[in-house]
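So you can see what is in the structure, the chains are spelled out below.
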There are 2 protein chains.
Amino acid sequence: MKNIEEKTIHTEKIYEGKIIDLQVDDVVLPDGEKAKREIVKHPGAVAIIPITKDKKIVFVKQYRKPLEKTLVEIPAGKLDDNEQPLAAAIRELEEETGYTTKELNFVTSFYTSPGFADELIYIYITDTLEKLETPVQGDDDEFIEIIELTLDEAKQYVEEEKIHDAKTNYAILYLHALGRM
Amino acid sequence: MKNIEEKTIHTEKIYEGKIIDLQVDDVVLPDGEKAKREIVKHPGAVAIIPITKDKKIVFVKQYRKPLEKTLVEIPAGKLDDNEQPLAAAIRELEEETGYTTKELNFVTSFYTSPGFADELIYIYITDTLEKLETPVQGDDDEFIEIIELTLDEAKQYVEEEKIHDAKTNYAILYLHALGRM
């Protein structure tokens, strides 16, 4: 196998933010040439596919500033410091939907955009939702609406690009492939 | 419907790079409070699911600096200035795999990480590949290896997390759901 790795010779920290940091690495390529790599550091994320007793999927509708538009997505959020993905998934489910569960099953994980970011997202599914008696307070700068859709309705949302992000498009295709709804 | 939009009151440009830019927006939330939004600007991307005559999927193996690891991915790349996604997809297919095609079919598009980035990726599929007689030169800072796998082999790569990114995990699930391989 050819060596295709890149060796870091210098890291410049550009920005440290609330959600992401940015750094630019100088690297040596396999042929000895040099190049710059722009790298967004992210703590990682979780997403949940919540299925109700009557086989509806629970989504959140949220304004996404980077896109200047509102998307319908499965509940998700970033990992807190030292938080395990499974714990984060239950926390986000509770904060965003008002449901909780005792059983979350792992579906998959993937890097969202490996060319420039290290964000890794873990996706879970549950069909054993219970309504929380006391709602949990989420992030105070998040304004979301809950929306419950059948799989057919969700597929229509994909067609109309109301659902239009990696984790949620994956979730709809996953439920379609599963063939249980 | 509640108003859940956010109004920009100030944009601070932090970094302008080769692949991405970073800006931080001050926004007014629906309740009148203020918040900061960290936004990565990206030109958009394309990816191709290339299927050979003997029903193998053509992947590229590439070192991903943000992850400090090598991933196996479907061919992909960012849009050049004013480039249409379909043209970009054919260009990337030619540059990265040495194949071309006269027929690419649209599969889906999605934002990869709508919480902090505006990257939109378009995914195409083709099973009418032709070997280029003269290879096309791609980016000179990209070192890639071509690898052709059956769908079953690719699923094993997903299990082993050698395939581990949004567009490629989506592609494997898509081919699985299609049931033709």
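Scoring rules and cut-offs
- Residues numbered from 1 in each chain as written.
- Chains lettered and ligands numbered in written order.
- Predicted model: local features only at pLDDT ≥ 70, side-chain atom pairs only at ≥ 80, totals over all residues.
- Heavy atoms only, no water.
- Helix = DSSP H or I, 4+ residues; strand = E, 2+ residues; numbered from the N terminus.
- Polar contact = N/O pair within 3.5 Å; in protein donor to acceptor, adjacent residues only side chain to side chain.
- Expected span 1.5 Å × (residues − 1).
- Buried < 20%, exposed > 50% of the residue type's maximum accessible area, 1.4 Å probe, protein only.
- UniProt positions renumbered as here; feature names shortened; annotations may be inferred.
- Contact = heavy atoms within 4.5 Å.
- Buried area = accessible area lost by both parts, 1.4 Å probe.
- Salt bridge = Lys/Arg side-chain N within 4 Å of Asp/Glu carboxyl O.
- Domains from an automatic or database assignment.

On to the side chain of Glu38 of chain A, then. Structurally, Glu38 of chain A is set in strand S3 (residues 34-41). Looking at Glu38 of chain A, its side chain comes within polar contact range of the main-chain nitrogen of Lys18 of chain B, at 2.4 Å. Among the polar contacts listed, one links the side chain of Glu38 of chain A to the backbone nitrogen of Ile19 of chain B, at a separation of 2.9 Å.

This next bit is on helix H1 (residues 85-97) of chain A. The α-helix advances 3.6 residues per turn, and as a result positions three or four apart in sequence lie on the same side. Residues and elements named next belong to chain A. End to end, H1 covers 18 Å across 13 residues, agreeing with the expected 18 Å (1.5 Å per residue, within 8%). Looking only at H1, the buried set comprises Pro85, Ala88, Ala89, Arg91, Glu92, Leu93, Glu95, Glu96 and Thr97. Gly98 occupies a position one or two residues after H1 and carries a positive phi of about 80°.

Attention now goes to the UniProt feature "domain: Nudix hydrolase" (unreviewed entry) in chain A. Per the UniProt annotation, the sites labelled "domain: Nudix hydrolase" (unreviewed entry) are residues 40-171 of chain A. Secondary structure over residues 40-171 of chain A splits into 21% helix and 38% strand, and the C-alpha atoms at its two ends are 25 Å apart.

A few words now on the interface of chain B and chain A. Chain B puts 66 residues into the contact, and the matching count from chain A is 66 residues. Interface area, chain B with chain A, both sides summed: about 5,800 Å², of which 65% is carbon and sulfur. Among the residues of chain B in contact with chain A, Ile4, Lys65 and Phe143 of chain B are the three that bury the most area, contributing 12% of the side total. Viewed at the interface, chain A and chain B are joined by two salt bridges. For the salt bridge of Asp25 of chain A with Lys65 of chain B, the shortest nitrogen-to-oxygen distance reads 3.0 Å.

Okay, the domain arrangement of chain A next. If you check the domain split of chain A, you get domain 1 (7-41) and domain 2 (46-109 + 123-178). Put simply, the middle of domain 1 of chain A and the middle of domain 2 of chain A, counted by C-alpha atoms, are 32 Å apart.

With that settled, consider unusual backbone geometry. Its identity is not glycine, yet Lys55 of chain A carries a phi of approximately 60°, on the positive side. Checked against the element boundaries, Lys55 of chain A lands in the loop between strand S4 (45-50) and strand S5 (57-64). Within the chain, Asn82 of chain B stands out as a residue other than glycine whose phi angle is a positive 60°. Looking at the element boundaries, Asn82 of chain B is found in the loop between strand S7 (76-78) and helix H1 (85-97). Given a relative accessible area of 78%, Asn82 of chain B falls into the exposed group.

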